[in-house]
Amino acid sequence: ADDEALVIKMTALVEPHYVGLQLNNGWFEGPDQQNYTSSLTGYQLPPASDGARYFIIAHTDPGVTGWVDTTGIERGAHAMRFIFREDVAAEQLPVLETSVVPLAELPNHLPADLPRVSAEQRRAEIAARQAHIKRRWRAY
């Protein structure tokens, strides 16, 4: 809902070489990654002070790191990928915990020292995404 967030807490016993989360609509098409933070990698979202990563899927920017913008999608899915440098046992794979929380209560479900993101910082984040996408697809 507009006033809720889906919080995905990812705890990794073995740090993956690559972590990626992308939103998808009902046909598994990814939304606009250039103008919205509709995906995040582990590089873009390093672990918090407790060692976990917090992906926060919400219609509204909660002003913290880890926000994944729904871009208006009301129903869909997400895909999370992990790549490891070496084989890991099943019991060493990342553990995901999810919860739907009211946006007003979001701070109670996150580490107190999770970095805050201002509107200006968010605009800079989008500008960086736009530059990266333009560079990635420059030949097309």
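Conventions adopted
Residues numbered from 1 in each chain as written. Predicted model: local features only at pLDDT ≥ 70, side-chain atom pairs only at ≥ 80, totals over all residues. Heavy atoms only, no water. Pairing = 2+ DSSP bridges. Helix = DSSP H or I, 4+ residues; strand = E, 2+ residues; numbered from the N terminus. Axes fitted to C-alpha atoms, helices over the stretch in contact; angles between N-to-C directions. Core = buried A, V, L, I, M, F, W, Y, C linked by side-chain atoms within 4.5 Å. Buried < 20%, exposed > 50% of the residue type's maximum accessible area, 1.4 Å probe, protein only. Contact = heavy atoms within 4.5 Å. Patch = residues over 30% accessible without salt bridge, like charges linked within 9 Å, V, L, I, M, F, W, Y side chains within 5 Å. Areas by Shrake-Rupley, 256 points an atom, 1.4 Å probe, with all protein chains shown as cover. Salt bridge = Lys/Arg side-chain N within 4 Å of Asp/Glu carboxyl O. Lys, Arg positive; Asp, Glu negative; His and termini not counted. Charge placed at Lys NZ, Arg CZ, Asp CG, Glu CD.

Asker: For this particular structure, what's the right way to read the sheet that holds strand 2 (residues 18-24)?
Answerer: Within a sheet, each strand pairs with its neighbour through backbone hydrogen bonds, oriented either parallel or antiparallel. The antiparallel open sheet is built from 3 strands, whose spatial order is 3-2-6. Of all strands in the sheet, those with a lone pairing partner are strand 3 (39-41) and strand 6 (77-83), marking the two edges. Pairs of neighbouring strands in the sheet enclose a mean axial angle of 10 degrees, with direction left out of account. Bridge count between strand 2 and strand 3: 3 bridges; the pairing is antiparallel. Looking across to strand 3, one finds that leucine 21 is bridged to leucine 40.

Asker: Looking at this model, I keep getting lost on the sheet that holds strand 4 (residues 52-58). Mind explaining?
Answerer: Overall, mixed pairing links the 4 strands, which are arranged 5-4-1-7 in an open sheet. Taken across any chain shown, the strands that pair with only one partner, and hence form the sheet edges, are strand 5 (67-69) and strand 7 (95-102). Strand after strand, the sheet turns through a mean of 25 degrees between neighbouring axes, direction not considered. As judged from the 3 bridges shared by strand 4 and strand 5, these two strands associate in the parallel manner. Residue isoleucine 57 lies in a different strand from strand 5, and its bridge partner there is valine 68.

Asker: Help me understand the nonpolar core in this model?
Answerer: Buried together is how nonpolar side chains tend to be arranged in soluble globular proteins. Of all hydrophobic cores here, the largest spans 13 residues; its most connected members are Ala5, Val7, Tyr54, Ile56, Leu106 and Leu110. Ranked by the residues each element gives to this core, the list is headed by strand 4, at 4 residues. Sequence-distant contacts of isoleucine 56, defined by excluding residues within four places in its chain, comprise Ala5, Leu6, Pro62, Val64, Thr65, Gly66, Trp67, Val68, Leu106 and Leu110.

Asker: I keep staring at a negative patch on the surface and nothing clicks. Help me out?
Answerer: There is a patch of like negative charges on the surface, built from Asp2, Asp3, Glu4 and Glu74. Within the secondary structure, glutamate 4 is located in strand 1 (residues 4-11).

Asker: Even after reading the chapter, I still don't get the pairing of strand 1, so can you show me in this structure?
Answerer: When a strand is regular, its side chains alternate between the sheet's two faces. Judged from the 8 bridges that link them, strand 1 and strand 7 form a sheet pairing that is antiparallel. Counted as the bridge partner of glutamate 4 is proline 102 from strand 7. With 7 bridges connecting them, strand 1 and strand 4 associate as antiparallel partners. Bridge pairing in strand 4 places threonine 11 opposite alanine 52.

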